[in-house]
Amino acid sequence: MGKIVDAIIARLIIFVAITIVALFLVKSALTAVAISTVLTLIISICIAGIEKKQKVKAIKLKKFNTYMIVYGFDTVSETIEKILPGSQKKNGYMLTASNAVIMPAYKFSKVNKDDIIKAYRTAISENATDVYIIGIEADREALLFSTTLSDKKFFFIPSKVFYKAAKANNILPKDTISVKSEKIRFKDILLILFSKNNAKRFLVASVFLLLLSFLTPLKNYYLAISAVTLLFAVISLFSKNAKEDASKYGIFAKYQSKTDNGSDNEIEPSENSETDERNNDET
């Protein structure tokens, strides 16, 4: 939700900035607004296209990571066997044909020193020199620590590299290929834009534009924008916040807080607890 508000504010800033520049280039304010509107739309479309491509790639990799974490070592080992034929599946690790240890460390947290120690001990038991650790992300201290174990050569393989290897061999799980796009209703966008939390922001922007109107020759323009922003602040102040869906709490839905002041979240002491306290005091 916050990303939507940031995107809307960013577009407004782009629109205002282009309009200010356009007013210095053309005499008509209406023409300047028209030019800034067209340019803002073009820039917004370009930004949306770039963000969509990046989002699709990020979602695919994120789903791949989640898939590997959820289904665990068996799934990771099967993928490694297909990428590196001849690899042997051991107890929690893989051993390649060249006698290198591959230690999968898929988890939501970073690869840490404990993972390095585990891989190091495994390499000793297998008399291996090269140690490969596959994970989503590695802690910097863990990587530095691995360099101190000089009798073994450590390689950290980020999940994005492992993902590319699986993709190149056409062995990606089906769950990582399909990308479900989430559609946001226009009504939801308006509720977010004119939420009560944004009333102060609109008010501050209106005051700033009002003060700025006394410093520029385009006084009427800034006064008009200030008035529109003030109107947005008033709308936000009297708007109703979107009601929270109680069904997402399942069997605890009836305990959902009915107010936003946090008072319902406080646990009121029962009569039994008060009696227990009196008994303790008497004792």
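Residues numbered from 1 in each chain as written. Predicted model: local features only at pLDDT ≥ 70, side-chain atom pairs only at ≥ 80, totals over all residues. Heavy atoms only, no water.

> Describe the sheet that holds strand E5 (residues 153-158), and please don't skip the residues or the numbers.
Within the open sheet, the 5 strands sit side by side as E1-E2-E3-E4-E5. Their pairing is mixed. The open sheet has two edge strands, strand E1 (88-89) and E5, and neither has a second partner. Judged from the 2 bridges that link them, strand E2 (residues 94-95) and strand E3 (residues 101-104) form a sheet pairing that is antiparallel. Residue pairing for E3: Leu95 is matched across the bridge by Val101. (Pairing = 2+ DSSP bridges. Helix = DSSP H or I, 4+ residues; strand = E, 2+ residues; numbered from the N terminus.)

> Break down the nonpolar core for me, citing the residues and quoting the values.
Judged by nonpolar contacts, the single largest core of 17 residues is most densely connected at Val101, Ile116, Ala119, Val131, Ile133 and Phe154. When residues of this core are traced back to their parent elements, those giving at least two are E3, helix H3 (113-125) and strand E4 (130-135). The leading source of residues in this core is H3, at 4 residues. With residues up to four places along the chain from it excluded, the contact list for Ile116 reads Ile133, Ala142, Phe145, Ser146, Leu149 and Phe154. Within the second largest apolar cluster, 15 residues are counted, among which are Ile83, Ile134, Tyr163 and Ala166. (Core = buried A, V, L, I, M, F, W, Y, C linked by side-chain atoms within 4.5 Å. Buried < 20%, exposed > 50% of the residue type's maximum accessible area, 1.4 Å probe, protein only. Contact = heavy atoms within 4.5 Å.)

> Can you lay out the environment of Phe208 for me, pointing to particular residues and giving the numbers?
Structurally, Phe208 is set in helix H7 (residues 199-213). Look at Phe208 and you get exposed, because its relative accessible area is 52%. Distance in space between the C-alpha atoms of Phe208 and Ser226 is 8.0 Å, their sequence separation being 18 residues.

> Can you explain the side chain of Thr75? Please cite residues and give values.
Tracing the backbone through its elements, the reader meets Thr75 in helix H2 (residues 29-83). Not counting residues up to four positions away in its chain, the partners in contact with Thr75 are Tyr67 and Met68.

> An account of the pairing of E5 is requested, with residue identities and associated values reported.
By the bridge criterion, 6 bridges tie E4 to E5 in an arrangement that is parallel. The residue of E5 that forms the bridge with Gly135 is Pro158. Following the chain from E4 across helix H4 (residues 140-148) to the adjacent parallel E5, one finds a crossover that is right-handed. (Right-handed = clockwise from strand over helix to strand, strands pointing away.)

> Hey, could you go over the confidence of the model for the chain for me, with residue numbers and the actual values?
Of all residues in the chain, 77% attain a pLDDT of 70 or more, and the chain-wide mean is 80. Within the chain, E4 carries the highest mean pLDDT (96), whereas helix H9 (residues 271-282) carries the lowest (51). Taken together, the stretch residues 259-270 has pLDDT below 50 and engages in 5 contacts with residues farther than four places along the chain or on a different chain. (pLDDT = per-residue confidence, 0-100.)

> Give a detailed account of the environment of Leu41, specifying residues and quantitative values.
For Leu41, the position within the fold is in helix H2. For the pair formed by Leu41 and Phe15, sequence separation is 26 residues and the distance between their alpha carbons is 9.0 Å.

> Can you explain the packing of H7 against helix H8 (residues 219-238)? Please cite residues and give values.
The relative placement of two packed helices comes down to the angle between their axes together with the axis-to-axis distance. For the pair H7 and H8, the least separation of the axes is 8 Å and the interaxial angle reads 165 degrees. By the angle between their axes, H7 is roughly antiparallel relative to H8. Of the two elements, H7 crosses H8, and the hand of that crossing is left-handed. Across from Ala199, Phe202, Leu203, Ala205, Ser206, Leu209, Leu210, Leu212 and Ser213 in H7, the residues of H8 making contact are Lys219, Tyr222, Leu223, Ile225, Ser226, Thr229, Leu230, Phe232, Ala233, Ser236 and Leu237. (Axes fitted to C-alpha atoms, helices over the stretch in contact; angles between N-to-C directions. Parallel < 35°, antiparallel > 145°, perpendicular 65-115°, else oblique. Left-handed = near helix turned anticlockwise from the far one by under 90°.)

> Break down the pattern of salt bridges for me, with residues and values.
Scanning the model with the defined rule gives 3 salt bridges in all. For the salt bridge of Lys89 with Asp74, the shortest nitrogen-to-oxygen distance reads 2.8 Å. Of this pair, Lys89 sits in strand E1 while Asp74 is found in helix H2, placing the two residues 15 residues apart along the sequence. On the basis of relative accessible area, Lys89 is assigned to the partly exposed category, the value being 42%. Between Glu137 and Lys110 there is a salt bridge; the shortest N-O distance is 3.7 Å. In this pair, Glu137 is assigned in the loop between E4 and H4 and Lys110 in the loop between E3 and H3, connecting sequence segments 27 residues apart. On the accessibility criterion, Glu137 (42% relative accessible area) is partly exposed. (Salt bridge = Lys/Arg side-chain N within 4 Å of Asp/Glu carboxyl O.)

> Please provide a residue-by-residue account of a nonpolar patch on the surface, values included.
On the surface, a cluster of nonpolar side chains totalling about 670 Å² of accessible area is made up of Leu203, Val207, Leu211, Leu230, Val234, Leu237 and Phe238. Elements supplying a minimum of two residues to the nonpolar patch: H7 and H8. At 4 residues, the largest contribution of residues to the nonpolar patch is made by H8. Within the secondary structure layout, Phe238 lies in helix H8. (Patch = residues over 30% accessible without salt bridge, like charges linked within 9 Å, V, L, I, M, F, W, Y side chains within 5 Å. Areas by Shrake-Rupley, 256 points an atom, 1.4 Å probe, with all protein chains shown as cover.)

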